[in-house]
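Coordinate inspection notes
So you can see what is in the structure, the chains are spelled out below.
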Amino acid sequence: AGRTIPPAGLVCVDPRTGRATGQLIEHAAYRAWEAAPEPTIDVWTEHVHAALASLASLGFRSVHDLHSQDWLGDALAALERSGRLPVEHVRLYPPIARLEAVHADRGRWASRRVQLAGGKVFADGTLNSRTALMLGPYLEPLDQQPLGRAMLSPRDLDHAIRLCESLG
């Protein structure tokens, strides 16, 4: 049970108490994220360094960020310039709505080690939130979404693919 947050979000509610559980799904989570203050680029850069150093300590050599934020290229470039990029390669995939702008601006941060690799679309939800679009109903579906939900029309998906192809 929950309260719908348009266009495709849900605030989960405990059916016994009627109170929010704290679980936010899809666009409801984005609304909460957008309400929080943004760290400075220096703070982001240190967070990225810590995360990449942790991955490198586990043996990872290449990292792909499949929902790259606008500041990430600059943070990675700063780490690389300072000799502190702890992995060999990082590939960025910004949301498709920002792909053309990121592509045009990539000269500021792209290198052999840090590259724009594609665009990110959300065709449907995720399995863990029970919003991935399925052929049969979930055992415990969300309200009014027994099969999950499409987040992108086939036409919009075709457009995204064509855009990625046109930008190489």
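Residues numbered from 1 in each chain as written. Predicted model: local features only at pLDDT ≥ 70, side-chain atom pairs only at ≥ 80, totals over all residues. Heavy atoms only, no water.

**A short note on the overall build of the protein**
- Counting its secondary structure elements, the protein contains 5 helices and 6 strands.
- Taken from the N to the C terminus, the helices and strands of the protein come in the order β-β-β-α-α-β-α-β-α-β-α.
- Counting only C-alpha atoms and orienting by the principal axes, one finds that the protein spans roughly 55 × 35 × 30 Å.
- In the protein, which comprises 168 residues, the proportion classed as buried is 29%.
- Of the contacts formed within the protein by residues at least 6 apart in sequence, a portion of 53% connects residues at least 24 apart.
- Carbon and sulfur atoms make up 57% of the accessible area of the protein, which amounts to about 10700 Å² in all.
- Counting 18 positive and 19 negative side-chain charges, the protein places the averaged centre of each group 1 Å from the other. (Helix = DSSP H or I, 4+ residues; strand = E, 2+ residues; numbered from the N terminus. Buried < 20%, exposed > 50% of the residue type's maximum accessible area, 1.4 Å probe, protein only. Contact = heavy atoms within 4.5 Å. Areas by Shrake-Rupley, 256 points an atom, 1.4 Å probe, with all protein chains shown as cover. Lys, Arg positive; Asp, Glu negative; His and termini not counted. Charge placed at Lys NZ, Arg CZ, Asp CG, Glu CD.)

**Here we look at the pattern of salt bridges**
- For the coordinates displayed, the defined rule picks out 6 salt bridges.
- A salt bridge links Asp105 to Arg108, with the nearest nitrogen and oxygen atoms 2.2 Å apart.
- Residue Asp105 is classed as partly exposed on the basis of its relative accessible area, which comes to 33%.
- Judged by its relative accessible area of 44%, Arg108 is partly exposed.
- A single network of salt bridges, built from pairs that share partners, joins Asp74, Asp105 and Arg108. (Salt bridge = Lys/Arg side-chain N within 4 Å of Asp/Glu carboxyl O.)

**A closer look at the side chain of Thr131**
- Counting through the fold element by element, Thr131 comes out in the loop between strand E6 (114-116) and helix H5 (154-166).
- A polar side-chain atom of Thr131 sits 3.0 Å from the main-chain amide nitrogen of Thr126.
- Here the side chain of Thr131 touches Ser129 through a polar contact of 2.6 Å, side chain to side chain. (Polar contact = N/O pair within 3.5 Å; in protein donor to acceptor, adjacent residues only side chain to side chain.)

**Here's the deal with the environment of Asp65**
- Within the secondary structure layout, Asp65 lies in strand E4 (residues 62-65).
- Taking the C-alpha atoms as reference points, Asp65 and Lys120, 55 residues apart in sequence, are found 9.6 Å from one another.
- Sequence-distant contacts of Asp65, that is, excluding residues within four places in its chain, are made with Leu72, Arg91, Leu92 and Tyr93.
- Polar contacts involving the side chain of Asp65 include one to the main-chain amide nitrogen of His67, which spans 3.3 Å.

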